[in-house]
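# Structural description and commentary
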Amino acid sequence: MIFEKIMNSLEDTERFAIKLANLLMAQDTITLEGDLGAGKTTFTKALAKGLGVTRTVNSPTFTIVKQYEGRLPFNHLDVYRLAESDEDLGWDELFYGDAVSVVEWAHLIEQDLPKERLGIEIYRIGENERRFVLMPYGKRYEALCEELMR
Ligand SMILES: Nc1ncnc2c1ncn2[C@@H]1O[C@H](COP(=O)(O)OP(=O)(O)OP(=O)(O)O)[C@@H](O)[C@H]1O
Ligand SMILES: [Mg+2]
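Residues numbered from 1 in each chain as written. Chains lettered and ligands numbered in written order. Predicted model: local features only at pLDDT ≥ 70, side-chain atom pairs only at ≥ 80, totals over all residues. Heavy atoms only, no water.

## Topic: the site of ligand 1
Near ligand 1 lie 16 residues; those nearest to it are Thr13, Gly37, Lys40, Thr41 and Thr42. Here an oxygen atom of ligand 1 and a backbone polar atom of alanine 38 are 3.3 Å apart. Within the contact set of ligand 1, an oxygen atom lies 3.0 Å away from a side-chain nitrogen or oxygen of arginine 130. Elements that contribute at least two residues to the shell around ligand 1 include exactly α1 (10-23) and α2 (40-50). With three residues, the single largest contributor to the shell around ligand 1 is α2. Across the shell around ligand 1, the residue classes tally to four nonpolar, seven polar and five charged. (Near = heavy atom within 4 Å. Polar contact = N/O pair within 3.5 Å; in protein donor to acceptor, adjacent residues only side chain to side chain. Helix = DSSP H or I, 4+ residues; strand = E, 2+ residues; numbered from the N terminus. Nonpolar A, V, L, I, M, F, W, Y, C, P; charged D, E, K, R; others polar.)

Encoded structure:
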């Protein structure tokens, strides 16, 4: 099952992120893929706002993980600069705690991701237009997408 949604403006993207935020529960994981400047961090910031995070969400590029408090705890991961490593970096504690997690460049830690998750790919189709492709893995996320696309 795959869903697609065109965002015609930054505001469309922000509205969509907030709508998703309102449907999220503890342990939900969302992975974001897309080229530089696609809008992964922009989407994440709006989602955090929708989750009631009041602190400023910046790209955590150099720290890999940042944690915030909102309606639910919120983990923002950007694994772009993560060197390949066999070490156990403690992902399970992040993904299987009480928080919602968003992972930018998630394919780089594919083997550590929860099997059930919502994958989102963002494509830049114009200055302000984006194509979002949503790929739910698992029943929970299929239901989430159906609700989200309503
Ligand atoms: N409809 C839209 N949705 C998302 N971002 C948009 C949209 N229209 C314009 N933009 C702009 O595109 C840029 C997206 O940058 P952003 O940092 O979110 O990308 P990114 O995918 O996180 O890139 P990186 O991989 O470098 O971290 C922002 O400047 C944002 O304002
Ligand atoms: Mg980013």
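## Examining the pairing of strand β7 (residues 130-137)
Counting buried positions over the eight residues of β7 gives six, a clear majority of the element. Pairing of strand β1 (residues 3-7) with β7, which is carried by five bridges, proceeds in the antiparallel orientation. If you follow methionine 7 over to β7, its bridge partner there is arginine 130. Taking the residues between adjacent antiparallel strands as the criterion, strand β6 (residues 117-124) and β7 are bridged by five residues. (Buried < 20%, exposed > 50% of the residue type's maximum accessible area, 1.4 Å probe, protein only. Pairing = 2+ DSSP bridges.)

## Side note on the coordination of the magnesium ion (ligand 2)
Protein coordination of the magnesium ion (ligand 2) is provided by Thr41 (OG1) and Glu104 (OE), with donor distances spanning 2.0 to 2.4 Å. Linking threonine 41 in helix α2 with glutamate 104 in strand β5 (residues 100-104), this pair joins segments that are 63 residues apart in sequence. Accessibility classification places threonine 41 together with glutamate 104 in one group, the buried group. (Donors = N, O, S within 2.8 Å, 3.2 Å for Na, K, Ca; no water.)

## Overview of the sheet that holds β5
The seven strands are arranged β1-β7-β6-β2-β5-β4-β3 in an open sheet whose pairing can be described as mixed. Where the open sheet ends on each side, the last strands, each with one partner, are β1 and β3 (65-68). The sheet shows a mean angle of 20° between the axes of neighbouring strands, direction not considered. The strands touched by helix α4 (residues 139-149) within the sheet are β1, β2 (29-33), β6 and β7, with β7 carrying the most contacts at an inclination of about 145°. (Axes fitted to C-alpha atoms, helices over the stretch in contact; angles between N-to-C directions. Contact = heavy atoms within 4.5 Å.)

## Observations concerning the pairing of β6
Pairing geometry for β2 and β6, over four bridges, is parallel. Directly across from glutamate 33, in β6, lies its bridge partner glutamate 121. Of the strand pairs in this sheet, β6 and β7 are connected by eight bridges, and their pairing is antiparallel. From the neighbouring strand, leucine 118 faces β7, where its bridge partner is proline 136.

## As for the pattern of salt bridges
All chains considered together, the criterion is met by six salt bridges. Between arginine 15 and aspartate 12 there is a salt bridge whose closest N-O contact spans 2.8 Å. With arginine 15 and aspartate 12 both in helix α1 and three residues apart, this pair spans about one turn of that helix. Residue arginine 117 pairs with glutamate 110 through a salt bridge whose shortest N-O separation is 3.0 Å. (Salt bridge = Lys/Arg side-chain N within 4 Å of Asp/Glu carboxyl O.)

## Quick notes on a nonpolar patch on the surface
Side chains of Ile6, Tyr123 and Ile125 sit close together on the surface and give an oily, nonpolar patch of about 250 Å² of accessible area. Along the chain, the position of isoleucine 6 falls in strand β1. A relative accessible area of 36% places isoleucine 6 in the partly exposed class. (Patch = residues over 30% accessible without salt bridge, like charges linked within 9 Å, V, L, I, M, F, W, Y side chains within 5 Å. Areas by Shrake-Rupley, 256 points an atom, 1.4 Å probe, with all protein chains shown as cover.)

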